[in-house]
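Listed here are the chains, written in short residue letters.
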Amino acid sequence: MENSAAFYSVLDVTPTSEDWIPAYLPVANKLMAKHGGRYLARTASHEQLEGDGSAVGLRVIIQWPSKEAAIAFMNDEEYTPHLNARTEGSVSNHYLIEGKDEFA
């Protein structure tokens, strides 16, 4: 049985350099759409309500139609140099979350 639940990429990105950003954004936007992704949030306007975390520059939430679509985006050859630039120019964490409630 095929799972039809959406998947969500949840990222925290704190740039250590802004040099990569102008080239990154147009390519990431194009490839995310190519793989069926959609930004739900991409903002520096956020606050931590619980826990002891470190300060984060940006929070990003992307909705994907499937896990495979998210992985295909991350593995897209055209994205690779931009992902490397983001990784080198920021402190980033990326979580892929299945849109389901296992405790309902």
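Heads up: these notes are all about the structure in this document. (Residues numbered from 1 in each chain as written. Predicted model: local features only at pLDDT ≥ 70, side-chain atom pairs only at ≥ 80, totals over all residues. Heavy atoms only, no water.)

Describing the overall build of the protein
And then number 1: A tally of helices and strands in the protein yields three helices and four strands.
And then number 2: Listing each helix as α and each strand as β along the protein from the N terminus yields β-α-β-β-α-α-β.
And then number 3: With the C-alpha coordinates of the protein rotated into their principal frame, the extents come out at 45 × 35 × 20 Å.
And then number 4: For the protein, the residues scored as buried account for 28% of the 104 residues in total.
And then number 5: Considering only residue pairs separated by 6 or more positions, the protein has 76% of its internal contacts joining residues 24 or more positions apart.
And then number 6: As displayed, the protein offers around 7,000 Å² of accessible surface, 53% of which is attributable to carbon and sulfur atoms.
And then number 7: Averaging the locations of the 8 positively and 15 negatively charged side chains of the protein gives two centres separated by 6 Å. (Helix = DSSP H or I, 4+ residues; strand = E, 2+ residues; numbered from the N terminus. Buried < 20%, exposed > 50% of the residue type's maximum accessible area, 1.4 Å probe, protein only. Contact = heavy atoms within 4.5 Å. Areas by Shrake-Rupley, 256 points an atom, 1.4 Å probe, with all protein chains shown as cover. Lys, Arg positive; Asp, Glu negative; His and termini not counted. Charge placed at Lys NZ, Arg CZ, Asp CG, Glu CD.)

What to know about the pairing of strand β1 (residues 7-15)
And then number 1: Inspection of the sheet shows β1 paired to strand β3 (residues 58-64) by seven bridges, in the antiparallel sense. By the bridge assignment for β3, Ser9 is matched with Ile62.
And then number 2: The pairing of β1 with strand β4 (residues 90-98) spans nine bridges and is antiparallel. Note that in β4 the partner of Thr14 across the bridge is Val91. (Pairing = 2+ DSSP bridges.)

Observations regarding the packing of aromatic side chains
And then number 1: Summed over all chains, the structure comprises four aromatic pairs.
And then number 2: Both rings, one in Trp20 and one in Tyr24, keep their centres 5.2 Å apart while their planes meet at 85°; by these two values the pair is edge-to-face. An identical accessibility class is assigned to Trp20 and Tyr24; each is buried.
And then number 3: Taking the centre distance of 5.3 Å and the plane angle of 35° together, the rings of Trp64 and Phe73 count as tilted.
And then number 4: When its relative accessible area of 2% is taken as the criterion, Trp64 is described as buried.
And then number 5: The ring of Tyr39 carries the charged tip of Arg42 above its face, separated from the ring centre by 3.7 Å. (Phe/Tyr/Trp six-rings, centres within 6.5 Å; stacked < 30°, edge-to-face > 60°. Lys NZ or Arg CZ within 6 Å of the ring centre and 35° of its normal.)

Concerning helix α1 (residues 21-34)
And then number 1: For α1, with 14 residues, the first-to-last C-alpha span of 20 Å sits near the 20 Å given by 1.5 Å per residue.
And then number 2: Of all the positions in α1, only Tyr24, Val27, Ala28, Leu31 and Met32 are classed as buried. Along the axis of α1, the buried positions cluster into a sector of 130°, meaning they face one direction only.
And then number 3: One or two positions beyond α1, positive phi appears at Gly36, with a value near 85°. (Expected span 1.5 Å × (residues − 1). Arc of directions from axis to C-beta.)

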